[in-house]
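Overview (structure and organization)
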2 protein chains.
Amino acid sequence: MVAPRVVLSPRPRSGCVAWARGPGPGAADSRKRETVGLVARMVGIKDVARQAGVSVGTVSNVINRPEMVAEETRTRVQAVIAQLGYVRSESARHLRAGRSRIIALLVLDMANPFFADVASGAERAAREEGLGVMLCNSAQSPAEEADYLSLFAEQRVRGVLVTPVDTSGRNLADFRRHDIPYVVVDRVLDSADEGCSVSVDDVTGGSLAARHLLAQGHRELVYVSGPMHLSQCRDRHTGALAALSEAGLPHTALRRIEGERLDVAAGRDAGARLLGMTPRPTAVFCANDLLALGVLQALFAAGVSVPGEIALVGYDDIEFAAAAAVPLTSVRQPAFRMGRAAADLLIEETGEAAAGHRHQRIVLQPELVVRDSSISAPRH
Amino acid sequence: MVAPRVVLSPRPRSGCVAWARGPGPGAADSRKRETVGLVARMVGIKDVARQAGVSVGTVSNVINRPEMVAEETRTRVQAVIAQLGYVRSESARHLRAGRSRIIALLVLDMANPFFADVASGAERAAREEGLGVMLCNSAQSPAEEADYLSLFAEQRVRGVLVTPVDTSGRNLADFRRHDIPYVVVDRVLDSADEGCSVSVDDVTGGSLAARHLLAQGHRELVYVSGPMHLSQCRDRHTGALAALSEAGLPHTALRRIEGERLDVAAGRDAGARLLGMTPRPTAVFCANDLLALGVLQALFAAGVSVPGEIALVGYDDIEFAAAAAVPLTSVRQPAFRMGRAAADLLIEETGEAAAGHRHQRIVLQPELVVRDSSISAPRH
DNA sequence: ACGGCTTCGTGAATCGTTTCATCGCCGGAA
DNA sequence: TTCCGGCGATGAAACGATTCACGAAGCCGT
């Protein structure tokens, strides 16, 4: 680790630190705690009331039920609000209302474009309801996950969308006692979890990919996988096997390379192993686009043509799948829709009609996006 | 837009909707507002106090200044806290304390791995201070940016890290009146903004890239740029020109292709235009890795060898730069450090020692990461 | 025995908002 | 004139925590 090369430009400027904002000229303010310190006092509903010559209740009404306050008063109050730059305090509202206007989204890996899409979907749904989203990253660490969950509990978040780190759901089970609703995203818990979940049908996804390769005339496939204890990897494998059976081929027609991780480096390793296999495979299905990109890199470096000598299919359809040197055929996960659906479920569960809510497990269907990397007769 | 194919599994289960949690057997609770409704009442500090037979003040002390309460009492209270699963309400604390424990981070594009790294850096710094991070995405839209900024004002967040959408800083100027500190990330505002900022020296970055290509023996470069009204694109261009001058070459040795956007599709277009240029260029520097990946794709499709016939350098060193078929030489932005530095500045500005805070403009230095795409004699 | 000190705990005030019972006022009906 | 209804506005009571000025013991020394 090199020391960071940092260029500092101090710029003292006008020394704007934080200034006291007094009660204003002519305002006979009898508070004992004057704003003597360095901290500026926020303008509150009381300031507006005083300045407009009405009671705080009236100001509150102007904001929340403008129709029930006289036209004349309303405009006057609104003018003062604008003039003073009053912004209501969400904390105080929350305290009084008993429910917050924030939902939390805890993902496994913020750098993964897939989760970025999930987040966008959730964000959209939330914003339509006027809710804020707090996006956090557990980075696959159970400890961080636990930390964040207790942060959410302290915040009395309206609800949580979470991709649990461990399928056992230990942290979530602990979290349950807070009575904060949550929706599990992109996973279905093993245990008898009673909550909602939204996930994608990985078995179908696996068979979409395999079926496509078989349709291109290949009679034998290789599945490049991550750890098989992940349900994702297992299910996609299952789907591929199913596709073989459909085509009347034995399960032995599917060879498997299992790596430790689901990233590009693991893909490179797998690519090297592919090249060493005899007979050399002609069709490869990867559990993940990152793996596929790694494989592609290894094949390219070895001068093996894709799809000419080896056809390649990935999974996830991340943005960079289309950006690869040979655009990558991939199974697209409806990430945006998943986030959206999860947030909608949560909103329903925590909304007015919560009484009518029944927990659901929504399973979305993936779709195959065919690009150059898998088709027998390369375009152009 | 096709209708989403959704498979619904309703699973009525045990109809766990939300249950009332009564005051518990033996607890003579005389509140008027019983939990008659469907909504479960959160256990508060008062419940703990009653159950433990102490006053609320004492419970508060157990939590916040455990050393000043007698051993015996403390353990008793702690036991009750654990038993009841009490979690303090951050809203109430915030209301009383006047300052929240959340900082906001507003980025241009969550799907961009660069910002994901910035976010990680900020998150790390925040968590070390026990602060929560609220990550939001303005998606380059000034309207969304404004929405989020007012959300932050309502939340009375401790401070904001923001990558402004427009350099004019209109929204930020409006935001200033709330007296919420902010740090500008990855941009320096044109106007006389008094706040802190953290950015990367793009001029240096541009000249690093160009110098490297010149060192490989090229005497003429093409700069594939996005819109030149973006300071990023301009500065990198400036840096490249400086490198040419250093090498004693005229500015005409740098041709420029300017696209509308900074994405892969724009890169593909640029790649096509590159192939039509005469004389055909031998060295290309892209304002962005996405552009470079697009160029790479176009060149690959046309059968042009990289770096054999054309050397290519990108900018940002996103994760996928290394994952490209020909690993991409790129100028790495210290994204993580940038997020970290920005959050540190904000924490300093809003912390105990805020009085000693002076606004700073930190400029971090980029570094060149050399990979296969630019070196004259390809590895392997 | 009594003042003074330390050690622990108490209870009320406070933060900024929403909500709700209440009140003043005006016009119309009896 | 009196009474009533309705419209608008009011003020106080929550919400859940923190803080702080006090008070109640217990202990010591003189």
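The name given to chain A in an unreviewed UniProt entry is Transcriptional regulator, LacI family, with the source organism recorded as Streptomyces pini.

A few words now on the pattern of salt bridges. All chains considered together, the criterion is met by 36 salt bridges over all chains. Between Glu128(B) and Arg340(B) there is a salt bridge, with the nearest N and O atoms lying 3.0 Å from each other. Of this pair, Glu128(B) sits in helix α5 (residues 113–128) while Arg340(B) sits in helix α13 (residues 335–350); the two residues are 212 residues apart in sequence, bridging distant segments of the chain. A relative accessible area of 23% means that Arg340(B) is categorised as partly exposed. Across the salt bridge formed by Glu246(B) and Arg211(B), the nearest N and O atoms sit 3.1 Å from each other. Residue Glu246(B) is found in helix α9 (residues 231–246), and its partner Arg211(B) is found in helix α8 (residues 202–215); the two are separated by 35 residues along the sequence. Residue classification places Glu246(B) among the exposed positions, given a relative accessible area of 53%. Overlapping salt bridges, with partners in common, bring together Arg127(A), Glu144(B) and Asp147(B) in one network.

Turning our eyes to something else, we now look at the protein's contact with DNA strand D. Neighbouring residues of DNA strand D: 25 residues in total, closest Ser55(A), Thr58(A), Thr73(A), Ile45(B) and Arg96(B). Sugar and phosphate atoms form 67% of the subset of DNA strand D atoms that lie within 4 Å of the protein. In the environment of DNA strand D, a phosphate oxygen lies 2.8 Å from a nitrogen or oxygen atom belonging to the side chain of Tyr86(B). At the level of secondary structure, the elements contributing two or more residues to the surface near DNA strand D comprise α2 (56–64) and α4 (90–97) of chain A together with α2 (56–64) and α4 (90–97) of chain B. It is α4(B) that contributes the most residues to the surface near DNA strand D, four residues altogether. Split into classes, the residues belonging to the surface near DNA strand D amount to nine nonpolar, nine polar and seven charged.

Residues and elements named next belong to chain A. Interhelical geometry of helix α5 (residues 113–128) versus helix α13 (residues 335–350) gives an angle of 40° and a closest axis separation of 6 Å. With respect to their mutual orientation, α5 and α13 come out oblique. The chirality of how α5 crosses α13 is right-handed. Contacts between α5 and α13 involve Phe 114, Asp 117, Val 118, Ser 120, Gly 121, Ala 122, Arg 124, Ala 125, Ala 126 and Glu 128 from the former and Ala 335, Phe 336, Met 338, Gly 339, Arg 340, Ala 343, Asp 344 and Ile 347 from the latter.

It is worth spelling out the protein's contact with DNA strand C at this point. Neighbouring DNA strand C are 23 residues; Ile45(A), Tyr86(A), Arg96(A), Thr58(B) and Thr73(B) lie closest to it. Here, DNA strand C places atoms within 4 Å of the protein, and 70% of those atoms are sugar or phosphate. Between DNA strand C and Ile45(A) there is a distance of 2.4 Å, counted from a phosphate oxygen to a backbone nitrogen or oxygen. Breaking the surface near DNA strand C down by element, the ones donating at least two residues are α2 and α4 of chain A together with α2 and α4 of chain B.

According to the stated counting rule, one finds six cavities of 30 Å³ or more in the structure shown. There is about 240 Å³ of room inside the largest cavity. In terms of lining, the largest cavity is formed by 19 residues, of which the most central are Ser91(A), Ile102(A), Gln155(A), Ser91(B) and Gln155(B). Elements with a contribution of two residues or more to the lining of the largest cavity: α4 of chain A together with α4 of chain B. Among the residues forming the lining of the largest cavity, the class breakdown is six nonpolar, eight polar and five charged. Its boundaries defined by the atoms lining it, the second largest cavity holds a volume of some 70 Å³. Lining the second largest cavity we find Leu293(A), Phe320(A), Ala323(A), Ala324(A), Ala325(A), Leu293(B), Leu296(B), Phe320(B), Ala323(B), Ala324(B) and Ala325(B). Those elements giving two or more residues to the lining of the second largest cavity turn out to be α12 (319–323) of chain A together with α11 (289–301) and α12 (319–323) of chain B.

Quick notes on the rules
Residues numbered from 1 in each chain as written. Chains lettered and ligands numbered in written order. Predicted model: local features only at pLDDT ≥ 70, side-chain atom pairs only at ≥ 80, totals over all residues. Heavy atoms only, no water. Salt bridge = Lys/Arg side-chain N within 4 Å of Asp/Glu carboxyl O. Helix = DSSP H or I, 4+ residues; strand = E, 2+ residues; numbered from the N terminus. Buried < 20%, exposed > 50% of the residue type's maximum accessible area, 1.4 Å probe, protein only. Near = heavy atom within 4 Å. Polar contact = N/O pair within 3.5 Å; in protein donor to acceptor, adjacent residues only side chain to side chain. Nonpolar A, V, L, I, M, F, W, Y, C, P; charged D, E, K, R; others polar. Axes fitted to C-alpha atoms, helices over the stretch in contact; angles between N-to-C directions. Parallel < 35°, antiparallel > 145°, perpendicular 65-115°, else oblique. Left-handed = near helix turned anticlockwise from the far one by under 90°. Contact = heavy atoms within 4.5 Å. 1 Å grid on protein atoms, 1.4 Å probe; cavity = no way out; pocket = protein on both sides within 12 Å on 5 of 7 lines; lining within 4 Å. Points joined across faces, edges and corners; volume = space filled by probe spheres on them.

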